2 protein chains.
Amino acid sequence: MRKGELTRERIVAEAAPIFNRQGFAGSSMQDVMEATGLEKGGLYRHFRSKEELAAESFRYALAQAVKLRTDKVDRSHGVVEHLQSIVKRFVETPSAVPGGCPLMNTAIDADDGNPVLRALVKKGFSEWRARLCVVIEKGIGSGEIAQETQPRIVANTMIATLEGALMMSRLEGTKTALQDAQTTLDSLLEGIRNSVNKATEC
Amino acid sequence: MRKGELTRERIVAEAAPIFNRQGFAGSSMQDVMEATGLEKGGLYRHFRSKEELAAESFRYALAQAVKLRTDKVDRSHGVVEHLQSIVKRFVETPSAVPGGCPLMNTAIDADDGNPVLRALVKKGFSEWRARLCVVIEKGIGSGEIAQETQPRIVANTMIATLEGALMMSRLEGTKTALQDAQTTLDSLLEGIRNSVNKATEC
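Remember, predicted model here, so these are calculated numbers, not experimental data.

(A) Layout of the side chain of Thr106(A). All names here are of chain A. In this structure, Thr106 sits in helix H6 (residues 102–110). Among the polar contacts made by the side chain of Thr106, one reaches the main-chain carbonyl oxygen of Pro102 at a distance of 2.6 Å. With near-sequence residues (within four places) excluded, Thr106 lies in contact with Phe58, Leu117 and Val121.

(B) Seen up close, empty space enclosed by the protein. One pass over the structure, following the stated rule, counts one cavity of 30 Å³ or more. Every residue along the wall of the largest cavity is listed here: Thr157(A), Thr161(A), Thr184(A), Leu185(A), Leu188(A), Thr157(B), Thr161(B), Thr184(B), Leu185(B) and Leu188(B). Counting only elements with at least two residues in the lining of the largest cavity, the list comes to helix H8 (151–172) and helix H9 (176–191) of chain A together with helix H8 (151–172) and helix H9 (176–191) of chain B. Residue composition of the lining of the largest cavity, by class: four nonpolar, six polar and no charged.

(C) Layout of the side chain of Thr36(A). Residue and element names in this part refer to chain A. Inspection of the secondary structure assignment puts Thr36 in helix H2 (residues 29–36). For Thr36, a relative accessible area of 8% puts it in the buried group. Within polar-contact distance, the side chain of Thr36 engages the backbone oxygen of Met33 at 3.4 Å. For Thr36, the side chain forms a polar contact with the main-chain nitrogen of Leu38, separated by 3.3 Å. If near-sequence neighbours (up to four positions away) are discounted, Thr36 is found in contact with Arg10, Ile11 and Glu14.

(D) Structural view of the relation of the copies chain B and chain A. The two copies are related by a screw motion: chain B maps onto chain A through a turn of 180 degrees and a shift of 0.0 Å along the axis, at an RMSD of 0.0 Å. The symmetry that links the two subunits is that of a two-fold axis. Here 100% of the contact residues of chain B are again contact residues in chain A; the copies associate through an equivalent surface.

(E) Fine view of the layout of surface pockets. Roughly 1100 Å³ of volume is contained in the largest pocket. Around the largest pocket, the lining comprises 35 residues; the ones closest to its centre are Ser187(A), Leu188(A), Ser187(B), Leu188(B) and Gly191(B). Elements that contribute at least two residues to the lining of the largest pocket include exactly H8 and H9 of chain A together with H8 and H9 of chain B. Per element, the largest residue contribution to the lining of the largest pocket is six residues, and it comes from H9(A). Tallied by class, residues from the lining of the largest pocket come to 10 nonpolar, 18 polar and seven charged.

(F) Quick look at the packing of helix H1 (residues 3–22) of chain A against helix H4 (residues 50–70) of chain A. All names here are of chain A. Remark: H1 packs on H4, axes separated minimally by 8 Å, with the N-to-C direction vectors making an angle of 85 degrees. Relative to H4, the element H1 lies roughly perpendicular. Together, Arg8, Ile11, Val12, Ala13, Ala15, Ala16 and Phe19 of H1 and Lys50, Glu52, Leu53, Ala54, Glu56, Ser57, Tyr60 and Ala61 of H4 make up the contact between the two elements. In terms of residue class, the contact of H1 with H4 is made up of 10 nonpolar, one polar and four charged.

(G) Focus on the environment of Ser142(A). Residue and element names in this part refer to chain A. Note that Ser142 resides in helix H7 (residues 115–142). Judged by its relative accessible area of 44%, Ser142 falls in the partly exposed class. Along the sequence, Ser142 and Ala54 sit 88 residues apart, while their C-alpha atoms lie 42 Å from each other. Only 2.8 Å separates the side chain of Ser142 from the side chain of Glu144, close enough to count as a polar contact.

(H) Representation of the interface of chain B and chain A within the structure. Listed per partner, the contact involves 36 residues of chain B and 36 residues of chain A. The three residues of chain B that bury the most area against chain A are Ile108(B), Met167(B) and Leu171(B), which together make up 20% of that side's buried surface. Our count for the contact surface shared by chain B and chain A stands at four salt bridges. Its salt-bridge partner being Glu172(A), residue Arg129(B) comes within 2.7 Å of it at the nearest N-O pair. On inspection of chain B and its partner chain A, the count reaches 11 residue pairs in polar contact (both at pLDDT 80 or more). The biggest single contributor to the side of chain B that touches chain A is H8(B), with 15 residues. Its residues assigned to classes, the side of chain B that touches chain A comprises 15 nonpolar, 10 polar and 11 charged.

What counts and what doesn't
- Residues numbered from 1 in each chain as written.
- Chains lettered and ligands numbered in written order.
- Predicted model: local features only at pLDDT ≥ 70, side-chain atom pairs only at ≥ 80, totals over all residues.
- Heavy atoms only, no water.
- Helix = DSSP H or I, 4+ residues; strand = E, 2+ residues; numbered from the N terminus.
- Polar contact = N/O pair within 3.5 Å; in protein donor to acceptor, adjacent residues only side chain to side chain.
- Contact = heavy atoms within 4.5 Å.
- 1 Å grid on protein atoms, 1.4 Å probe; cavity = no way out; pocket = protein on both sides within 12 Å on 5 of 7 lines; lining within 4 Å.
- Points joined across faces, edges and corners; volume = space filled by probe spheres on them.
- Nonpolar A, V, L, I, M, F, W, Y, C, P; charged D, E, K, R; others polar.
- Buried < 20%, exposed > 50% of the residue type's maximum accessible area, 1.4 Å probe, protein only.
- Least-squares fit on C-alpha atoms with pLDDT ≥ 70 in both.
- Axes fitted to C-alpha atoms, helices over the stretch in contact; angles between N-to-C directions.
- Parallel < 35°, antiparallel > 145°, perpendicular 65-115°, else oblique.
- Buried area = accessible area lost by both parts, 1.4 Å probe.
- Salt bridge = Lys/Arg side-chain N within 4 Å of Asp/Glu carboxyl O.

Dropping the structure here:
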């Protein structure tokens, strides 16, 4: 890798937590200059504008989050267990980049503003939903998940509940909201298991 | 009411959507001056700082949201139906002040920053959870809700799911995520109904 590319990557890695914590409006190129030790000219040689750097920082933060949430998730048991492992992973390791989930932070930051960030975060949610739907549909296909299950509803509920709970847990400084979300989602996912596969209850 | 108090109230009402949309760092006293038509001196006669105005604006936005979400919610049927009506109201009328839920916006805005706003938003979530717990506990007491139900888990899940879904719906510009959350929560609330009261299924 060329030196210029390395510098560019280092800037993005150091800018990502700044934008993730402080939001677009609350972050300045001055903050990034201080974090990286670069002069204004050095920074603008790599990024034409704060908008461009914010977009790159979001892409980086999202890629880190996706990696952290999907790498080596346990798929060795059934599809329901796989979905429960995805929930567990989110609850146990919610943030890859300091400042909480970049998707939620940027969604709130950009819902009334910055169209480039808004488009990127929309894509991020769509892809997350699509990844979950693939797993759920696989379970319907294999007969592990009840035929009448609507993948989008399950996927949207998982995402909404985890993101809302992460917001509450970060605010309240306790894991309670995330653990409560996990309890509920585990039970919801148990509920979509095809009943022929359900453990017999006496 | 004295003229000074009226002016103060008008400033807060006009500043609330600005802070709710743009966040604390993204809002300036200049923005509020432009919205109210007041000069700098006029604004600072009522509020010593942006912090003070932001705190008052949050209190106002939250009070409006609570009013919109609780006023005349249908309590004429059972406790489960009352909880489902609370969900329905949130899904149908999510924002009292333009810019989305002031609790979520301020939570994301303040989780790494402003301690005054952070304390106010923590209190807002605590009170919301407490209001829901009162309803759930009433249902447990009356035998309408299953004895083993844990009110805090149900309340946290309702709040997390609704807030997360509102964030997604606002971002995506469709009601789908909120409607999916309603479908799931309706079913979850049906599930905590005391089984002696459940409709017989054939």
